[in-house]
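Coordinates in review
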Amino acid sequence: MISINHLYAKQQAGEKLTMLTCYDYSSARIMNQSDIEMILVGDSAAMVMHGENSTLPIDVDTMAQHVKAVAKGAPDKFIIGDMPFLSYRKSLDENMTAVEKLMKAGAHAIKLEGVAGNEDLIKHIVESGVPVMGHLGLTPQSVNQFGGFKVQGKSSDERVRIINEAKKLESLGCFSVVLECVPDELTQELVQHIDMISIGIGAGSAVDGQVLVMQDMLGFSSQFSPKFLRRYLNTEQLFLEAFNAFAKDTREQNYPDDSEQY
Ligand code: KIV
């Protein structure tokens, strides 16, 4: 089982860390056999699992179900449960109930986006024994404020703000931060100011590790092609070939054959 101490040790040794998103038991079972250290049960589940056009619609109970399925499939990995939109902007009671649901479903840490207004809560979660991963740059839950999924931190004001936010997250006790879609120069400067584990997605190579959405890196969709994405499979094509082969075999009465029936 990969613990937070394994992650720190790898970071200290200068070894790059790896994280992928995952939302279901069957994929988690395969991921558990891989060299990936961390699994993020991200709120991107709203988009890739439930077909929404943003991460906003998913709720805590649905996220907890995804965490539970992944925890069953990947007992050896460090699992981070993503706090969904507004689930950590309510009363302390409600916020902590959301944390509790994700942790009791099997997460080893939680992730939440941004800093402003979250300071007391982050401290409280950390003091409750729950590791917190921050998320800065393109924070998808703020898509309506950004006016789309756009690269952040391009101006010097924004760069200074994001670096200060990272420092703040660290001072509040976060063990890690995800940096999403920011220029590489910003990342290079930011990592000079923090010791916590930095994980990037579209944030260049200066980070301690990289994260990708599983469906994106497996090529489930040929339509989603951000600059940072490297596809390791063409799953869309592979699935289509398999689906069509099954349809053909069935129509041509090649399936089932003698060995495939009782
Ligand atoms: O929900 C998610 O998949 C994420 C990653 C993009 C970091 O937050």
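Here the structure is a predicted model, which means the values were calculated and not measured.

Quick look at helix α4 (residues 60–73) now. Every α-helix winds through 3.6 residues per turn, so residues three or four apart in the chain are directed the same way. Taking 1.5 Å per residue as the helical rise, α4 with its 14 residues ought to reach 20 Å, and the 20 Å between its terminal C-alpha atoms agrees with that figure. Against the buried residues of α4 lie α2 (25–32), β2 (38–41), α3 (45–48), β3 (78–82) and α5 (92–104).

A word on the sheet that holds strand β7 (residues 197–201). Here we have eight strands rolled up into a closed barrel, ordered β1-β2-β3-β4-β5-β6-β7-β8, and parallel in their pairing. Pairwise comparison of adjacent strand axes, ignoring direction, gives a mean angle of 25 degrees for this sheet. Across the sheet, helix α8 (residues 156–172) touches β5 (132–137) and β6 (176–180), and the angle it forms with β5 is around 175 degrees.

Moving on to the pattern of salt bridges. Counting across every chain of the model gives nine salt bridges. Across the pair Glu15 and Lys10 runs a salt bridge whose closest N-O atoms are separated by 3.9 Å. Of the charged contacts, one joins Asp82 and Lys111 as a salt bridge, the two residues approaching to 3.0 Å between their closest N and O atoms. On the criterion of sequence distance, the pair formed by Asp82 in strand β3 and Lys111 in strand β4 (residues 109–111) is long-range, its members being 29 residues apart. Shared partners join several salt bridges into a network, and the residues in it are Lys10, Glu15 and Glu37.

Moving on to the site of the ligand. Taken together, the residues surrounding the ligand are Thr21, Leu40, Gly42, Asp43, Ser44, Asp82, Lys111, His135, Val178, Glu180, Ile201 and Val213. In this structure, an oxygen atom belonging to the ligand sits 3.0 Å away from a side-chain N or O atom of Asp43. Protein contact buries 96% of the 260 Å² of open area that the ligand shows by itself. When atom positions are compared with the pocket grids, the ligand is found to occupy the largest pocket. Considered class by class, the residues forming the shell around the ligand number four nonpolar, four polar and four charged.

Turning to the nonpolar core, a few remarks are in order. Membership of the largest hydrophobic core comes to 73 residues, with the highest contact counts inside it found for Met19, Met38, Phe78, Ile110, Leu112, Ile125 and Ile199. When residues in this core are grouped by element, the largest group, six residues, is from α4. In this structure Ile125 touches Met96, Val99, Ile110, Leu112, Val130 and Val132, once residues within four positions along its chain are discounted.

The topology assignment puts Ile4 in helix α1 (residues 4–12). Along the backbone, Ile4 and Ala109 are 105 residues apart, and their C-alpha atoms lie at a distance of 9.1 Å. Once residues within four sequence positions are removed from consideration, Ile4 is found in contact with Phe78, Pro131 and Phe175.

Before going further, it helps to examine the pairing of β2. Across the two faces of β2 the burial is the same, with Met38 and Leu40 and Ile39 and Val41 all buried. In terms of strand pairing, strand β1 (residues 17–21) meets β2 through three bridges, oriented parallel. If you follow Thr21 over to β2, its bridge partner there is Leu40. Each parallel crossover has a hand, and for β1 linked through α2 to β2 it is right-handed. Here β2 runs beside β3; their pairing, made up of four bridges, is parallel.

As a further point, take the domain arrangement of the chain. As assigned here, the chain comprises domain 1 (4–231) and domain 2 (234–262). Here domain 1 and domain 2 have C-alpha centroids that lie 38 Å from each other. Each partner contributes to the interface: domain 1 provides five residues, whereas domain 2 provides four residues. Regarding the contact of domain 1 and domain 2, the summed buried area is about 360 Å², with carbon and sulfur atoms giving 43% of it. Three residues stand out in domain 1 for area buried against domain 2, namely Leu218, Gly219 and Phe220, and they jointly supply 79% of the buried area on that side. Counting every contact that joins domain 1 to domain 2 gives zero salt bridges. Linking domain 1 to domain 2 there are four residue pairs in polar contact (both at pLDDT 80 or more).

Reading the values: the criteria
Residues numbered from 1 in each chain as written. Predicted model: local features only at pLDDT ≥ 70, side-chain atom pairs only at ≥ 80, totals over all residues. Heavy atoms only, no water. Helix = DSSP H or I, 4+ residues; strand = E, 2+ residues; numbered from the N terminus. Expected span 1.5 Å × (residues − 1). Contact = heavy atoms within 4.5 Å. Pairing = 2+ DSSP bridges. Axes fitted to C-alpha atoms, helices over the stretch in contact; angles between N-to-C directions. Salt bridge = Lys/Arg side-chain N within 4 Å of Asp/Glu carboxyl O. Near = heavy atom within 4 Å. Polar contact = N/O pair within 3.5 Å; in protein donor to acceptor, adjacent residues only side chain to side chain. Areas by Shrake-Rupley, 256 points an atom, 1.4 Å probe, with all protein chains shown as cover. 1 Å grid on protein atoms, 1.4 Å probe; cavity = no way out; pocket = protein on both sides within 12 Å on 5 of 7 lines; lining within 4 Å. Sits in = over half its atoms within 2 Å of the grid points. Nonpolar A, V, L, I, M, F, W, Y, C, P; charged D, E, K, R; others polar. Core = buried A, V, L, I, M, F, W, Y, C linked by side-chain atoms within 4.5 Å. Buried < 20%, exposed > 50% of the residue type's maximum accessible area, 1.4 Å probe, protein only. Right-handed = clockwise from strand over helix to strand, strands pointing away. Domains from an automatic or database assignment. Buried area = accessible area lost by both parts, 1.4 Å probe.

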